[in-house]
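Residue strings, one per chain:
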Amino acid sequence: MVKTKLNLLETLLYRSHYDDAGYMIFQNDSKFDIQGLINIGLLRPTTPSEFYRCDCFDGGGEVIWVDNPKFEKPIPSVRCGCGFYRIEPEEIQRWEIVLSALLRKIGEAMGFSAPFNEVSPRLVWQLGRRKRRDFYYIRCVDFDVRRTLRDIFLPHPTAILIVPTMADIEFIDCLPNRCFPIEEIGTLDDSLRLTIDMTSIDAELEPVEDEPKRQRRRLVKIDQLIAELKKHYQEAKDYYYVSGGEILPRPTQQELAKRIGTSQDVVSRCLKDEKGVVLRTLWENAENLGAILNS
Ligand SMILES: [Zn+2]
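The rules we used
- Residues numbered from 1 in each chain as written.
- Predicted model: local features only at pLDDT ≥ 70, side-chain atom pairs only at ≥ 80, totals over all residues.
- Helix = DSSP H or I, 4+ residues; strand = E, 2+ residues; numbered from the N terminus.
- Rg over C-alpha atoms; globule rule 2.2 N^0.38 Å.
- Buried ≥ 20, exposed ≤ 12 C-beta atoms within 10 Å, placed from the backbone.
- Contact = placed C-beta atoms within 7 Å.
- Core = buried A, V, L, I, M, F, W, Y, C linked by C-beta atoms within 7 Å.
- Domains from an automatic or database assignment.
- Arc of directions from axis to C-beta.
- Pairing = 2+ DSSP bridges.
- Axes fitted to C-alpha atoms, helices over the stretch in contact; angles between N-to-C directions.

Considerations on the overall build of the protein chain
Reasoning step 1: Of regular secondary structure, the protein chain possesses 13 helices and 14 strands.
Reasoning step 2: In terms of overall dimensions, the protein chain is more spread out than a globule: its C-alpha atoms have a radius of gyration of 33 Å, far above the 19 Å expected for 295 residues.
Reasoning step 3: With the principal axes as the frame, the protein chain shows a C-alpha extent of 120 × 35 × 35 Å.
Reasoning step 4: The buried share of the protein chain, taken over its 295 residues, is 22%.
Reasoning step 5: Put simply, 53% of the contacts in the protein chain that link residues at least 6 apart link residues at least 24 apart.

The following block contains the structure:
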């Protein structure tokens, strides 16, 4: 679906995609509160536009500055399908979007406080942390930067990415991260106050579980304990023959903990873990002659 009429927030977001952070041009954007945007630091005056839009079939033409001794200053003019004519300097007045100000507005509307850490120059900023998630803002996405983004975010799959527009999301579908476009969750009211609907973000975020990490750590411990018990079986078998039939006592949980450099608590939890079946069997039979000799 092609949107023909952009609102102010969408306009700012779309324009801020460009390398120079984008422009507002009086001729196109006069319906917006340009002075208000200047007042809050979102726009600053810059060089005039080099193109003038005309309603004729040519659609306009390049601005030509004509030096005429009759006038003090060169006069902007345009040549297009309807002829060569003079235009008013105000019509080609142009302001650039102040990227840092736009970013600050977005971050603060989400409850984060500036300054934000620039992770990749003029591309990625870390806004802050919320609900155990790191939030990032990505200014513009195209094919050239996908690799950079992959390098940054593949190691951080739980990070939340905030992007300007819906179109940005399609570019980064190669990332595992949840992604929200400002275009969808933000509104800029008439007094130029930006609000961002964080409840919709929060609602979609599952709490980050430490469980997988803890489980991985425990599996490592279980493996270490299995290795220790197997060592014990070997020693017990040797001892049985050397001693003429004596059975080596099973190492205590405390001893095992010491051997693998952990606490007795951890050993106890490993023994009760649902993934600890092999460990449990080894533990329970560690003084069982048949098990020892068959090991
Ligand atoms: Zn024309």
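So, the nonpolar core
Reasoning step 1: Ranked by internal contacts, the top residues of the largest apolar core, which has 35 residues, are Leu 127, Tyr 136, Tyr 137, Ile 138, Leu 161 and Ile 162.
Reasoning step 2: Within the residue set of this core, elements represented by two or more residues are α1 (8-15), α4 (99-109), β9 (124-130), β10 (133-138), α5 (143-153), β11 (160-163) and β12 (178-181).
Reasoning step 3: Each of domain 1 (8-97) and domain 2 (99-204) contributes no fewer than three residues to this core.
Reasoning step 4: Not counting residues within four places of it along the chain, the set of residues in contact with Tyr 136 comprises Val 119, Val 124, Trp 125, Gln 126, Leu 127, Ala 159, Leu 161 and Ile 162.
Reasoning step 5: Among the nonpolar cores identified, the runner-up in size contains 10 residues, and Ile 222, Ala 257, Cys 270 and Leu 282 belong to it.

Brief notes about α5
Reasoning step 1: Turning to α5, its buried residues number three or more, namely Leu 149, Ile 152 and Phe 153. Looking straight down α5, one finds that the buried residues subtend no more than 75 degrees of arc, so they occupy a single side. Exposed side chains of α5 directed beyond 90 degrees from the buried face belong to Asp 144, Arg 147 and Asp 151.
Reasoning step 2: Elements in contact with the buried residues of α5: β8 (117-120), β9 and β10.

Considerations on the sheet that holds β11
Reasoning step 1: If you walk across this open sheet you meet the five strands as β8-β9-β10-β11-β12, and the pairing is mixed. Looking at which strands have only one partner, the edges of the open sheet turn out to be β8 and β12. Neighbour-to-neighbour, the strand axes of this sheet turn through a mean angle of 30 degrees, independent of strand direction.
Reasoning step 2: By the bridge criterion, four bridges tie β11 to β12 in an arrangement that is parallel. Counterpart to Val 163 in the pairing with β12 is Pro 181.

Some thoughts on the environment of Arg 214
Reasoning step 1: Mapping Arg 214 onto the fold places it in helix α9 (residues 211-243).
Reasoning step 2: Exposure remark for Arg 214: the 11 C-beta atoms within 10 Å place this residue in the exposed category.
Reasoning step 3: Along the sequence, Arg 214 and Thr 46 sit 168 residues apart, while their C-alpha atoms lie 55 Å from each other.

Notes on the sheet that holds strand β1 (residues 23-25)
Reasoning step 1: One open sheet accounts for three strands, arranged β1-β7-β2; its pairing is antiparallel. Strand pairing shows two members of the sheet lacking a second neighbour, β1 and β2 (43-46), which therefore form its edges. Ignoring which end each strand starts from, the neighbouring axes of this sheet average 35 degrees apart.
Reasoning step 2: Here β2 runs beside strand β7 (residues 94-97); their pairing, made up of four bridges, is antiparallel. Paired with Leu 43 across the strands is Ile 97, a residue of β7.

Some points on the domain arrangement of the protein chain
Reasoning step 1: Domain annotation of the protein chain identifies domain 1 (8-97), domain 2 (99-204) and domain 3 (211-293).
Reasoning step 2: Here domain 2 and domain 3 have C-alpha centroids that lie 49 Å from each other.

Quick look at unusual backbone geometry
Generally, phi is negative for residues other than glycine and the peptide bonds are trans, each holding for most cases.
Reasoning step 1: A cis amide bond links Ala 114 to the next residue, Pro 115, at an omega of 0 degrees.
Reasoning step 2: For Pro 115, the position within the fold is in the loop between α4 and β8.
Reasoning step 3: One non-glycine residue, Lys 131, lies in positive phi territory at about 50 degrees.
Reasoning step 4: Mapped onto the elements of the fold, Lys 131 is located in the loop between β9 and β10.

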